[in-house]
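The primary structure of each chain is shown beneath.
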Amino acid sequence: MVLKAVVSVVVLVGVVVIPAFTSSNSGDLTRPQPREWPCPIETDFYPCVCTNNENYELSIDCSAVETDQDLSDAFYYAEFPFSHFKEFKIEHDPNDPKMTLTTLDPYTFRTLTFERITISGTKIEIIQDEDFSNSHDTLTYLNLASNKITYFPFDSIQGYTNLQTLSLDDNQIEVWPNFESDSLEYLSFSGNEGITLTDFTNTPNLREIYMARNKHDTLPYQLFWNLFNLTVVDLQRNEMTFVDEYYIASQSNALTTINLDHNKISVIRHDAFHGHVCSHTEEIGVWS
Ligand SMILES: *[C@@H]1O[C@H](CO)[C@@H](O)[C@H](O)[C@H]1NC(C)=O
């Protein structure tokens, strides 16, 4: 941890080291350190808020940003003593008419890197390929639930080599393509009504898949077959009327939960839950 190392040096050497920071930051040695160091100066970054915790992890919360302009201004005027952040967050109430954030500008975040990003409840429709591109090596968690997303750059996912969790719940994505990711383990795209599925052959490490409330009436044949680590499949509140052979079959022997609650299922074919699946499955819910 670079930040941790730097902070301990300050403690040991004190006064000798501090000018190096002030000069790179403001160039004015007489100016007192802002209270929120190592964050940007509070007023420059308004209405975004930067905090650091006892483990020297920095986080940014821009939930108070109302417009596209607010967001780009906050990042434009702030100077960042450190560029790596544990978390970035914008959480809007989707029903608040004051909140009109519609776009992320790929240059907004400049050279900052993030581990966890949550942007929810906004009016954003399009996620551009480069929106988070500085975080290719650092991003582990991306939560873009409850926006208005119609376009998401699935082809760029493979570039995020440590991304484990992706949530696109409650958006308006029409096609779930067969994109590649070697790192992805938790995937959630519930509440994208009418979404078309291809398959999951290029995301082999998936453990949990949430695809509730999508109006699925059928599933592609052997959709889950190559997922050796699959443990949870959530298909609640869809429109499935029957569960055909090999519908929820995978070669995993860790599958513990298949949730089919609130569908319209009248027929479950023999071999619908196949192979290792059946003998190890602890819970198959089919309540309607
Ligand atoms: C499954 O999980 C194990 C460890 O839990 C891991 O070594 C393996 O690479 C994972 N992926 C596949 C496709 O088996």
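Reading the values: rules and limits
Residues numbered from 1 in each chain as written. Predicted model: local features only at pLDDT ≥ 70, side-chain atom pairs only at ≥ 80, totals over all residues. Heavy atoms only, no water. Helix = DSSP H or I, 4+ residues; strand = E, 2+ residues; numbered from the N terminus. Contact = heavy atoms within 4.5 Å. pLDDT = per-residue confidence, 0-100. Buried < 20%, exposed > 50% of the residue type's maximum accessible area, 1.4 Å probe, protein only. Pairing = 2+ DSSP bridges. Phe/Tyr/Trp six-rings, centres within 6.5 Å; stacked < 30°, edge-to-face > 60°.

K.L.:
How should the environment of Ser 120 be read in this particular structure?
P.N.:
By secondary structure assignment, the location of Ser 120 is in strand β4 (residues 113–120). Filtering out sequence-adjacent residues up to four positions away, Ser 120 remains in contact with Ile 90, Glu 91, His 92, Ala 145, Ser 146 and Asn 147.

K.L.:
What am I meant to see in the confidence of the model for the protein chain here?
P.N.:
Note: predicted coordinates in regions of low pLDDT should not be interpreted at a detailed level. In the predicted model, the protein chain carries a mean pLDDT of 84, and the fraction of residues at 70 or more is 81%. Contacts for the low-pLDDT stretch residues 1–32, under 50 throughout, to residues beyond four places or in other chains number 29 contacts. Within the model, the stretch residues 275–282 combines pLDDT values under 50 with 15 contacts to residues more than four positions away or in other chains.

K.L.:
Would you explain the side chain of Ser 183 in this entry?
P.N.:
The topology assignment puts Ser 183 in the loop between β7 (175–176) and β8 (186–188). The exposure class of Ser 183 is buried, given its relative accessible area of 13%.

K.L.:
Looking at this model, I keep getting lost on the pairing of strand β1 (residues 49–52). Mind explaining?
P.N.:
Sheet faces and side chains relate simply in a regular strand, where the side chains alternate between the two faces. Relative to strand β2 (residues 58–61), β1 runs antiparallel, the two sharing four bridges. The residue of β2 that forms the bridge with Thr 51 is Ser 59. In textbook terms, the turn of a hairpin is the stretch between consecutive antiparallel strands, and for β1 and β2 this stretch comprises five residues, one of which, Tyr 56, has a positive phi near 65 degrees.

K.L.:
Would you mind going over the packing of aromatic side chains with me for this structure?
P.N.:
Two aromatic rings are characterised by how far apart their centres lie and by the angle between their planes. The full count for this structure, using the stated rule, is 18 aromatic pairs. A centroid spacing of 6.4 Å and a plane angle of 20 degrees characterise the contact between Phe 109 and Phe 132, whose relative ring orientation is stacked. Taken together, the positions of Phe 109 in the loop between β3 (84–91) and β4 and Phe 132 in the loop between β4 and β5 (141–143) put the pair 23 residues apart, joining distant regions of the chain. When its relative accessible area of 4% is taken as the criterion, Phe 109 is described as buried. Taking relative accessible area as the criterion, Phe 132 reaches 6% and is therefore assigned buried. When the centroid spacing of 5.9 Å and the interplanar angle of 15 degrees are considered together, the rings of Phe 200 and Phe 224 count as stacked. Residue Phe 200 is found in the loop between β9 (196–197) and β10 (208–210), and its partner Phe 224 is found in the loop between β10 and β11 (232–234); the two are separated by 24 residues along the sequence. Through a chain of ring-to-ring contacts, the aromatic side chains of Phe 45, Phe 75, Phe 80, Phe 85, Phe 88, Phe 109, Phe 114 and Phe 132 assemble into a single cluster.

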